[in-house]
There are 2 protein chains.
Amino acid sequence: MKLLSKTLEGIKPINQETMSEAIKHLDSLVKPIGSLGTLELLAAQLAGITGEISSSFEKKCTVVMAADNGIHEEGVSACPQEITAAQTINMTKGLTGICVLSKHANADIAIVDIGVKGDLNTAGIINKKISHGTKNIAKEPAMTREQAIQAVETGIEAVGELVSQGYKLFGTGEMGICNTSTSSAVLMALTGISAEQVVGKGAGLTDADYENKKRVIERALDINRPDQNDVLDVLAKVGGYDIAGMAGCFLAAAYYRVPIVIDGFISVVAALTAYKMNPLVREYMIASHQSEEIGYKHAMNILKLEPMLNLHMRLGEGTGCPLAFHIIEASQAVIKNMATFEQAAINDDFLIDIR
Amino acid sequence: MKLLSKTLEGIKPINQETMSEAIKHLDSLVKPIGSLGTLELLAAQLAGITGEISSSFEKKCTVVMAADNGIHEEGVSACPQEITAAQTINMTKGLTGICVLSKHANADIAIVDIGVKGDLNTAGIINKKISHGTKNIAKEPAMTREQAIQAVETGIEAVGELVSQGYKLFGTGEMGICNTSTSSAVLMALTGISAEQVVGKGAGLTDADYENKKRVIERALDINRPDQNDVLDVLAKVGGYDIAGMAGCFLAAAYYRVPIVIDGFISVVAALTAYKMNPLVREYMIASHQSEEIGYKHAMNILKLEPMLNLHMRLGEGTGCPLAFHIIEASQAVIKNMATFEQAAINDDFLIDIR
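None of these values were measured; they are calculated from a predicted model.

Which residues make up the relation of the copies chain B and chain A, and what values go with them?
By a simple turn and slide, chain B fits onto chain A: the slide is 0.0 Å along the axis, the RMSD is 0.0 Å, and the turn is 180°. When the rotation and shift are considered jointly, the pair of chain copies conforms to a two-fold rotation axis. Identified as the residue of chain B closest to the rotation axis by C-alpha distance is B:L309, at 2.4 Å. Taken as a fraction of all interface residues of chain B, those also at the interface in chain A reach 100%, which identifies the copy contact as same-surface.

Structural data, given as structure tokens:
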């Protein structure tokens, strides 16, 4: 709890002064004011986060939190639970979506076993296992409050360690069969939005399975009665280690003043829990892609963020993050390398007119 | 006309067989079927275009058509006309938006002077000037039918030349003050949609100027009465050299079986004119970003395409293309480098279930 408290207290707003300077510079570039849209907003936000007008994000990393969920025994997923462990191991071999997209973006991944069922013992996986998966939230709390705090702090530590290694831009990913169910439960608990509006079909559910998924998640909320105003209670009772760990990543990014990218549904729910712990965290977040999961937009609306990419993706793993990294870096190319009107020797009459 | 006819006749559908093979391979990768959304659709489309399951797009280029528009004298733009020449020259120096975003994407640009007012005589600009800008469409046709054909053929030749140099992926850009006006006129002529729905404010117009812009474009249509069913007539009477040149780029891409990216409003109107000349062209097109210009979505709806990026951009120059290149190449990383279920040694029970 000490690390969590220290982190929450250490989060400060982004630097408005540097942000203003960045905007002033962006407005001096050879283009109509604001015509590069989100690229300009990103450049301004990144200046505010880092305190530098422009940055190099050569070292960048998506942190993948891998964990199992006890709710699997309720038949809410079409996938066998062993897929979590299998895909986590596959990530160490560069075989999965997040691996190939990260490599394409010249980015790294950090794979954290925060609660996978079974012993992985595989090089390339950071072993922070809290337990062998959570309990079945349709019957009892997923974890204790202490375990929830431990999971959040695991995320804080993971990002802290990577910051100390020189990483300057982060993504958030996960691997955990049934984590759309736990994310839905957390989102419903925090917002009161109904299962019909939040619960998606996930990967390959039949219509009957889908109905069952919604009823099981409702039951989880009925049985556990998480306190809407106590995020840790919500995470402990109906969440998962992965969501809690990702929440910690968001908090740490704000604490260390580094930008952090939201992937899809699970990631945005984790972002929301972090935001509920300290609303300033939001200023450090960047949304990547519009997830196909129906709950995504509700969480995004509360955060008042907007995704840059519309790719109809619903894979998870953090796959939206490396794609967003490229755009984030493009914003730095703009602010660093575009000429000002002055440099471009377009005379002042033009300068006034075009802007 | 010979080159245009030959090109139109030489355009064939994309290769359905290779596309099917690509889809089959994509479905065998370690992810729920279709969960990488547009990345998978892109990979399938690219396979159909190229006839190869996967490709390397190392050499890629955005063709920038630069031209002036006689309608400038009607006060439809806040910018002095000289900006066209100045920014075209700035492109040769790497100073503008398309330059820095292309460099960031490891892509090239080809700058074609297809009708800039004044002599540029600058290294790095391909001189294909048809005349020193078009005539004022609010008073007379922009150009002759012969000039329209010459402009389209200039685009065809430009892409043909770049294909012979080994370029395998194309973008379409432009530089031409007042080309949102000419694009609006072309779109209105082709679709019958009203000025209110099509004409945007462009860069920095006052409300009064904006009203004037709409009235001037309506007048251009009234005076010239372009034939809705004759694209060349529309281009000649109310278009611009840049739009016609870009239309040629789209036709050539389909002819040479290389993918070509649509940028924003002017680009999508050019794409639409190419589509009206031969609907098969559409299969070779990839939409990049959702332009802020209000006419964009009308043209996109007719083409039944969907942009991947939502960045609120309205700069033009082709700036959406290099950003899309990264995503296009990401689709190739997926199809080339993700493991199949078999390779990832996830057993067959899982394989059936997860998909």
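Once the structure has been displayed, the description carries forward.
Please provide a residue-by-residue account of the sheet that holds strand β5 (residues 260-262) of chain B, values included.
Strand pairing in a sheet is mediated by backbone hydrogen bonds. Such pairs are either parallel or antiparallel. All names here are of chain B. One open sheet holds the six strands; their spatial order is β3-β2-β1-β4-β5-β6, and the pairing between them is parallel. Taken across any chain shown, the strands that pair with only one partner, and hence form the sheet edges, are β3 (125-127) and β6 (285-287). Pairwise comparison of adjacent strand axes, ignoring direction, gives a mean angle of 30° for this sheet. Bridge count for strand β1 (residues 60-67) against strand β2 (residues 108-115) is seven bridges, and the pairing is parallel. Of the residues in β2, the one forming a bridge with A66 is D113. Against the sheet, helix α12 (residues 265-277) touches β4 (169-175), β5 and β6, its axis set at about 125° to β5.

Could you give me a rundown of the pattern of salt bridges, with the residues and numbers involved?
Per the stated rule, a full pass over the model turns up 24 salt bridges over all chains. The residue A:E329 makes a salt bridge to A:K60 at a minimum N-O spacing of 3.2 Å. Of this pair, A:E329 sits in helix α14 (residues 320-337) while A:K60 sits in strand β1 (residues 60-67), placing them 269 residues apart in sequence. The buried category is assigned to A:E329, whose relative accessible area is 18%. When its relative accessible area of 2% is taken as the criterion, A:K60 is described as buried. With its nearest N and O atoms 3.3 Å apart, the salt bridge here joins B:E73 to B:K139. In this pair, B:E73 sits in the loop between β1 and α4 (82-92) while B:K139 sits in the loop between β3 and α6 (145-164), placing the two residues 66 residues apart along the sequence.

Describe the interface of chain B and chain A, listing the residues and the values that go with them.
Taken together, the 54 residues of chain B in the interface contact 54 residues of chain A. Between chain B and chain A lies a buried interface of about 4,600 Å² when both sides are counted; carbon and sulfur atoms form 68% of it. At the boundary of chain B with chain A, the tally comes to 21 residue pairs in polar contact (both at pLDDT 80 or more). Elements supplying a minimum of two residues to the side of chain B that touches chain A: α3 (37-50), α4, α5 (97-104), α14 (320-337) and α15 (348-354) of chain B. When residues of the side of chain B that touches chain A are assigned to their parent elements, the largest contribution, nine residues, is made by α14(B). A class-by-class count of the residues in the side of chain B that touches chain A yields 33 nonpolar, 15 polar and six charged.

Go over the sheet that holds strand β5 (residues 260-262) of chain A, please, and point to the residues and values.
All names here are of chain A. Spatially, β3-β2-β1-β4-β5-β6 is the arrangement adopted by the six strands of the open sheet, whose pairing is parallel. This sheet does not close on itself; its edge strands, each paired only once, are β3 (125-127) and β6 (285-287). Taking the axes of each pair of neighbouring strands and ignoring which way they run, one obtains an average angle of 30° across the sheet.

Tell me about helix α3 (residues 37-50) of chain A, and please be specific about residues and values.
Across its 14 residues, α3(A) extends 20 Å between first and last C-alpha, which sits within 8% of the 20 Å expected from 1.5 Å per residue. Burial analysis of α3(A) places twelve of its 14 residues in the buried class, which makes it a mostly covered element. Buried residues of α3(A): A:G37, A:T38, A:L39, A:E40, A:L42, A:A43, A:A44, A:Q45, A:L46, A:A47, A:G48 and A:I49, and no others. Residues of α3(A) that are buried sit in contact with α2 (16-27), β6 and α14 of chain A together with α5 and α14 of chain B. Positive backbone phi, at 80°, marks A:G51, one or two positions downstream of α3(A).

Describe the packing of helix α1 (residues 2-10) of chain B against helix α11 (residues 241-256) of chain B, and please don't skip the residues or the numbers.
Residues and elements named next belong to chain B. The interhelical angle for the contact between α1 and α11, taken along N-to-C directions, is 50°, at an axis separation of 8 Å. If you check the angle between α1 and α11, you find them oblique. Classified by chirality, the crossing of α11 by α1 is left-handed. Residues L4, K6, T7, L8 and G10 of α1 touch α11, and the partners they reach there are L251, A252 and Y255.

For the pairing of strand β2 (residues 108-115) of chain A, give the residues involved together with the corresponding values.
All names here are of chain A. Of all eight residues in β2, six are buried, a share of seventy percent or more. Where β2 and β3 come together, three bridges link them in parallel fashion. Bridged to I111 within β3 is I125.

Summarise unusual backbone geometry; cite the residues concerned and give the values.
Residue and element names in this part refer to chain B. In the Ramachandran plot, N106 falls in the positive-phi region, its phi being about 60° despite a non-glycine side chain. For N106, a relative accessible area of 61% gives the class exposed. Non-glycine residue C178 carries a positive phi angle of around 85°. Tracing the chain through its elements places C178 in the loop between β4 and α7 (179-191).

Rules used in this analysis
Each chain carries its own residue numbering, running from 1 in the written order of its sequence. Lettering of chains starts at A and numbering of ligands starts at 1, both following the order in which they are written. A pLDDT threshold of at least 70 governs which residues receive local features in this predicted model, and a stricter bar of 80 or more applies before side-chain atom pairs are shown or counted, although totals over entire chains, interfaces and linings include all residues. Side-chain numbers here rest on the full set of heavy atoms in the structure, without hydrogens or water. In this comparison the copies share one frame, found by least squares on the C-alpha atoms of residues holding pLDDT of at least 70 in both. Residue contacts follow a heavy-atom distance rule, with two residues in contact if any of their heavy atoms lie within 4.5 Å. Strands are treated as partners if at least two bridges between them are detected by DSSP. Helix and strand definitions follow DSSP, with helices as H or I runs of at least four residues and strands as E runs of at least two, each counted in order from the N terminus. Orientation is described by axes fitted as lines to C-alpha atoms, over the contacting stretch for helices, and by angles from 0 to 180 degrees between their N-to-C directions. One side-chain nitrogen of Lys or Arg within 4 Å of one carboxyl oxygen of Asp or Glu is enough to make a salt bridge. Partly exposed describes any residue whose relative accessible area lies between the buried limit of under 20% and the exposed limit of over 50%, with all areas from a 1.4 Å probe on protein chains only and scaled to the type maximum. Once two parts are put together, the accessible area they lose, assessed with a 1.4 Å probe and summed over both, is termed the buried area. Pairing of N or O atoms within 3.5 Å defines a polar contact, subject to two protein rules: one partner must be a possible hydrogen donor and the other a possible acceptor, and residues neighboring in sequence count only if both atoms are side-chain atoms. Here the nonpolar group is Ala, Val, Leu, Ile, Met, Phe, Trp, Tyr, Cys and Pro; Asp, Glu, Lys and Arg are the charged ones; every other residue, Gly included, is treated as polar. Multiply 1.5 Å by the residue count of a helix minus one, and that product is the helix's expected span. Angles are sorted into four bins: roughly parallel if under 35 degrees, roughly antiparallel if over 145, roughly perpendicular if 65 to 115, and oblique for all others. Handedness of a helix crossing follows the sense of rotation of the near helix relative to the far helix, less than a right angle counterclockwise being left-handed and clockwise being right-handed.

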